[in-house]
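# Structural overview for review
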Number of protein chains: 2
Amino acid sequence: MARNTQVQADHNAPPVTRILAEYVATHSSRGWSDAVDHEAHRTFLNWLGCAVGAAHHEAAAAALAAVGVLQPAPQATVAGRREKVDIASAALINGITSHTFDFDDTHLKTIIHPAGPVASALLALAELKGASGRELIDALVLGIDVACRMGNVVYPEHYDRGWHITGTTGMLGAAAGCARLLGLNADQTQMALGIAASQPIGLREQFGTMTKPFHPGAAARAGLMSALLAQQGFTASPRALEAPRGFAQVVSTKTAWNEATDELGRRFEISFNSYKPFACGIVIHPSIDACVQLRAQGVAADQVERIELKVHSLVLELTGKKEPADGLQGKFSVYHGCAAGLIFGKATEDEYADDIVNRADMVALRRKVVATVDDGIDEASADVTAVLADGRRVHVFVEHAIGSLQRPMSDADLERKFSGMSDPVLGAQRTAALIAACWELGGAADVRALAALARPA
Amino acid sequence: MARNTQVQADHNAPPVTRILAEYVATHSSRGWSDAVDHEAHRTFLNWLGCAVGAAHHEAAAAALAAVGVLQPAPQATVAGRREKVDIASAALINGITSHTFDFDDTHLKTIIHPAGPVASALLALAELKGASGRELIDALVLGIDVACRMGNVVYPEHYDRGWHITGTTGMLGAAAGCARLLGLNADQTQMALGIAASQPIGLREQFGTMTKPFHPGAAARAGLMSALLAQQGFTASPRALEAPRGFAQVVSTKTAWNEATDELGRRFEISFNSYKPFACGIVIHPSIDACVQLRAQGVAADQVERIELKVHSLVLELTGKKEPADGLQGKFSVYHGCAAGLIFGKATEDEYADDIVNRADMVALRRKVVATVDDGIDEASADVTAVLADGRRVHVFVEHAIGSLQRPMSDADLERKFSGMSDPVLGAQRTAALIAACWELGGAADVRALAALARPA
């Protein structure tokens, strides 16, 4: 959940990004002295000599061998598309798409979305290798364990400072998972984690832009490449995670080392993973859930005179937008969420389409939602009463929303969620086969059969 | 120059990297409960549905188009080698090799090595496009300006915290340079800088491993890909550099914004670039330089009874190793450096080979070096006296070493340095042609001619 403990934030910085962008795009060619231009040639010459000189160093050989694994031929599936791309690009793109709707999984202790970086790297690599489903699942459990444990080490200070923790721990999870899938030994795995430790990806400032889902994608790619480099003998600090100038101490002032090691191999962080039932910030979920329950109890939108909503103050602070203009704004509107719950019985990406947000019945219903702050109500809860035209009052109190650890989505819920996203892309029949392949993955002889089902026929 | 102002460093952290590596490499397959294994399948299923669902989102389309630029055919030169690879991999590898010998350039105000990330990305992209030399040089000046200016904004706090500033600003320089080379407008360039801002690469803990030179390589690749993504319409925060949760404020408590904007387009940071004459830490350079000068004055190693060396305390603190066992240790020995200067008149990578460090005359001579701390001597200076067998004393005082801004290497010095590295790889004739091509680059119609010369015949 969002806090704002960052000290001394400077909200009055000049628009440096814009200033530099204009400069780079518009400064005239050779718009400097002969001395500067000559220095540029000296810089280039010196750089090239250094590069040529080290061309046969073992670091060059290892890196070339690693990128050589990225075959010229298309290697790996982009889920939902016909194109195949090299495995590094597949890891990147599947990481982006899986987080694009903000609808993926959440390790609630750290608000890491662990599958994006880890599974994206693993499916690409497993497809290339023709790995078994068991190998992939093993690597997924262990990779997510590493990412979330390191998240536990640094959360919340790291997140509060401004890092998007999914991409800044995800590269460790992807590296660990890929190392496992490649069968690297402990020494090589240590190097893979070390190489990955230098590549934390993601700033919270990017929220609301495509670069947010880029973070898990880039973390997937970074972790995958780190494991490939380690396999080729590339070296890193053996203490890259914990040293004074290593990962944790550089990106956080909180370093609870015991979180990395306590109950290792007995407590698995994937047990604390949760799945979003609604395609919006988790703070609205109890309110939407309550409205879905009202609908299930027979309350219809056209009967409703007023919806009385009591919530924790944080809900209105973060999602209090009364008149959202489009789908993106809709994600920051508890009013829209309630209307979607009551009218559609769900709030998937479809219910955040621009035309739905602006549909007359949705607009009318959300205006009937009267939200008040009641800090006696936990931020995980919501209290909703529908006041009907005939004077009846229907009341629902949600202590923990669907999708929470206390009320996890059932397997059937997850299947419905999957179909809602996949049917329009792959068709219902292929989607059903893909769902079945996912459930049977642990026993699958070769991951490539599942990967093939994830592409349109 | 190294300081150690990091507060509250924890030097007693457990070996987390090792513990996690052993766990990942050795934990038994399916070594967890059925519930955990089922959660893994749920996690995978949920991830895949999200990825399929967003397969046709505009972010997916932009990212696919960007990786599509990485053609299946070999595209770009790996300097000094016959292999050609895709441009992202070429940026990575040339970035690695150019920093492998620690012999590249230094922006002394920030100790950024700017060419590694920027030139490596630019040569690959220019080669693919068939850009002119002028376009490349323009992009180099502007890209280095952006990287070093952002370095000035956050240095030294950022470096002291433990970041390897070359890779944590280099991705911005590479993005800026590539944006320029691609002809992106200011809006697109702003997005390129924004995407790059999420990818600072490099921890100082990695010094002494291959992951140190990996940092400029990965920064080159990250900046290049950021520009390609921006070209395809990928979005990022327009205030990614300066916002409270943007780059500078997340990675540093020092944010001297004026350094980004003062005299923009009039003062060019490449003017403050310097080139290493010796393949070791800059703190030893005055001492080596003094010994090279002794040799030029006719002092021969077999005449020497003693070398009296007076230096700043930092020199012995950082490079006081008396009996280095191999080339890498030799880089931390001012004694070896002095011996190399007097015997060879240089200290290139060749003089840091293991067999040179252990050669009898080198061992004998370095044992004759008597180093004393004299804090009246600046860390940029060295005072050396050779006491000869016949009783003569030959004295040299170096105020600023060769390669400093006060005593820059001449163009001829740079050519000699280049040849020393390139002759064994490309041969003397091709090396000479390549040097000429570098000097003439600003007027070259097509960069590909130079790139071809950088590959063995």
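Residues numbered from 1 in each chain as written. Chains lettered and ligands numbered in written order. Predicted model: local features only at pLDDT ≥ 70, side-chain atom pairs only at ≥ 80, totals over all residues. Heavy atoms only, no water.

## With respect to the overall build of chain A
Scanning chain A from N- to C-terminus turns up 21 helices and 8 strands. Computed over the C-alpha atoms, the radius of gyration of chain A is 25 Å, within 12% of the 23 Å expected from 2.2 N^0.38 for a compact globule of 457 residues. With the principal axes as the frame, chain A shows a C-alpha extent of 85 × 60 × 45 Å. Put simply, chain A has 457 residues, and 64% of those count as buried. In chain A, once contacts between residues fewer than 6 apart in sequence are set aside, the share between residues at least 24 apart is 73%. Summed over its atoms, the accessible surface of chain A is roughly 14,500 Å², and 51% of this surface lies on carbon and sulfur atoms. Side-chain charges of chain A comprise 41 positive and 50 negative groups, with the mean position of each set lying 1 Å from the other. (Helix = DSSP H or I, 4+ residues; strand = E, 2+ residues; numbered from the N terminus. Rg over C-alpha atoms; globule rule 2.2 N^0.38 Å. Buried < 20%, exposed > 50% of the residue type's maximum accessible area, 1.4 Å probe, protein only. Contact = heavy atoms within 4.5 Å. Areas by Shrake-Rupley, 256 points an atom, 1.4 Å probe, with all protein chains shown as cover. Lys, Arg positive; Asp, Glu negative; His and termini not counted. Charge placed at Lys NZ, Arg CZ, Asp CG, Glu CD.)

## Observations regarding the pairing of strand S7 (residues 382-388) of chain A
Residue and element names in this part refer to chain A. A large share of S7 lies buried, amounting to 7 of its 7 residues. Alternating residues of S7 divide into Ala382, Val384, Ala386 and Leu388 and Asp383, Thr385 and Val387, and every residue in both groups is buried. Note that strand S5 (residues 304-311) and S7 share 6 bridges and pair antiparallel. Paired with Lys310 across the strands is Asp383, a residue of S7. Across 6 bridges, the pairing between S7 and strand S8 (residues 393-398) is antiparallel. In the sheet register, Ala382 faces S8, and the bridge partner there is Val398. Counting the residues between successive antiparallel strands, the hairpin from S7 to S8 contains 4 residues, one of them, Gly391, with a positive phi of roughly 90°. (Pairing = 2+ DSSP bridges.)

## Points about the sheet that holds strand S5 (residues 304-311) of chain B
Strands belonging to one sheet form pairs held by backbone hydrogen bonds; the direction of such a pair is parallel or antiparallel. All names here are of chain B. Spatial ordering of the open sheet is given by S6-S5-S7-S8, a layout of 4 strands whose pairing is mixed. Edge positions in the sheet fall to strand S6 (369-373) and strand S8 (393-398), since each has one partner strand and no second. Going from strand to strand, the sheet's axes swing by 15° on average, the running direction of each strand aside. Along the sheet, helix H16 (residues 334-344) contacts S5 and S6; its crossing angle with S5, the most-contacted strand, is approximately 125°. (Axes fitted to C-alpha atoms, helices over the stretch in contact; angles between N-to-C directions.)

## Quick notes on helix H9 (residues 186-197) of chain A
Helix length check: H9 of chain A (12 residues) gives 16 Å between terminal C-alpha atoms against 16 Å at 1.5 Å per residue, within 8%. Every buried residue of H9 of chain A is accounted for by Ala186, Thr189, Gln190, Met191, Ala192, Leu193, Gly194, Ile195, Ala196 and Ala197 of chain A. At its buried positions, H9 of chain A is contacted by helix H6 (133-154), helix H8 (165-182), helix H10 (211-231) and helix H11 (247-251) of chain A together with helix H1 (16-26) and helix H10 (211-231) of chain B. The opening residue of H9 of chain A is Asn185 of chain A, an N-cap whose side-chain oxygen sits 3.1 Å from the backbone nitrogen of Asp187 of chain A. (Expected span 1.5 Å × (residues − 1). Polar contact = N/O pair within 3.5 Å; in protein donor to acceptor, adjacent residues only side chain to side chain.)

## What about the domain arrangement of chain A?
If you check the domain split of chain A, you get domain 1 (76-275), domain 2 (282-398) and domain 3 (415-453). Taking the mean C-alpha position of each, domain 2 of chain A and domain 3 of chain A sit 32 Å from one another. (Domains from an automatic or database assignment.)

## Looking at the packing of aromatic side chains
Any aromatic ring pair is given by two values, namely how distant the centres are and how the planes are angled relative to each other. Scanning the model with the defined rule gives 7 aromatic pairs over all chains in all. When the ring of Phe214 of chain A is compared with that of Phe234 of chain B, the centres are 6.1 Å apart and the planes differ by 70°; the resulting orientation is edge-to-face. Here Phe214 of chain A is found in helix H10, whereas its partner Phe234 of chain B is found in the loop between H10 and helix H11 (247-251) on a different chain. For Phe214 of chain A, a relative accessible area of 1% translates into the label buried. Stacked on the ring of Phe207 of chain A, the Lys or Arg Lys212 of chain A has its end atom at 4.8 Å from the ring centre. For Lys417 of chain A, the ring lying beneath its charged end belongs to Phe103 of chain A, and the centroid distance is 4.3 Å. (Phe/Tyr/Trp six-rings, centres within 6.5 Å; stacked < 30°, edge-to-face > 60°. Lys NZ or Arg CZ within 6 Å of the ring centre and 35° of its normal.)

## Thoughts on unusual backbone geometry
Most peptide bonds take the trans form, and the phi angle of most residues other than glycine is negative. Residue and element names in this part refer to chain A. A cis amide bond, omega 10°, links Tyr155 with the succeeding residue Pro156. Along the polypeptide, Pro156 turns up in the loop between H6 and helix H7 (157-161). In this model, Arg30 sits at a positive phi of 55°, which is unusual for a non-glycine residue. With respect to the helices, strands and loops of the structure, Arg30 is situated in the loop between helix H1 (16-26) and helix H2 (34-53). Backbone geometry places Ile111, a non-glycine residue, at a positive phi of 50°.

## Let's talk about the UniProt feature "domain: MmgE/PrpD C-terminal" (unreviewed entry) in chain A
In this numbering, the UniProt entry assigns the feature "domain: MmgE/PrpD C-terminal" (unreviewed entry) to residues 278-441 of chain A. Counted over residues 278-441 of chain A, helix gives 45% and strand 16%. Its end C-alpha atoms are 26 Å apart. (UniProt positions renumbered as here; feature names shortened; annotations may be inferred.)

## Details of helix H4 (residues 87-100) of chain A
Three- or four-residue spacings in an α-helix give side chains the same orientation, since the helix completes a turn every 3.6 residues. All names here are of chain A. Look at H4: 20 Å from first C-alpha to last across 14 residues, which is about the 20 Å you get at 1.5 Å a residue. Burial of H4 is extensive: 14 of the 14 residues sit out of reach of the surface. The N-capping residue of H4, defined by a side-chain oxygen 3.1 Å from the backbone nitrogen of Ala88, is Asp86. Backbone geometry just downstream of H4 places Asp102 in the positive-phi region, at approximately 55°.

## Structural notes on the relation of the copies chain A and chain B
You can overlay chain A on chain B at an RMSD of 0.1 Å; the transform is a turn of 180° with a shift of 0.0 Å along its axis. When the rotation and shift are considered jointly, the pair of chain copies conforms to a two-fold rotation axis. Residue by residue, 100% of the interface of chain A is reproduced at the interface of chain B, so both copies engage with the same surface. (Least-squares fit on C-alpha atoms with pLDDT ≥ 70 in both.)

## What to know about the environment of Gly217 of chain A
Residues and elements named next belong to chain A. Inspection of the secondary structure puts Gly217 in helix H10. Separated by 189 residues in the primary sequence, Gly217 and Ser28 place their C-alpha atoms 36 Å from one another. Ignoring anything within four residues of it in the chain, the contact list for Gly217 reads Ala91, Leu92, Gly95 and Ile96.

## Thoughts on a nonpolar patch on the surface
Residues Leu108, Ile282 and Leu405 of chain A make up a contiguous nonpolar surface patch of roughly 210 Å² in combined accessible area. The class for Leu405 of chain A is partly exposed, based on a relative accessible area of 39%. (Patch = residues over 30% accessible without salt bridge, like charges linked within 9 Å, V, L, I, M, F, W, Y side chains within 5 Å. Salt bridge = Lys/Arg side-chain N within 4 Å of Asp/Glu carboxyl O.)

## Description of the side chain of Arg149 of chain A
Residue and element names in this part refer to chain A. Mapped onto the secondary structure, Arg149 falls in helix H6. By relative accessible area, Arg149 is classed as buried at 0%. From its side chain, Arg149 meets the backbone oxygen of Glu263 in a polar contact 3.3 Å long. A polar contact is formed between the side chain of Arg149 and the backbone oxygen of Arg267, at a distance of 3.0 Å. The contacts of Arg149, once residues within four sequence positions are left out, are Glu259, Ala260, Thr261, Asp262, Glu263, Leu264, Arg267 and Glu269.

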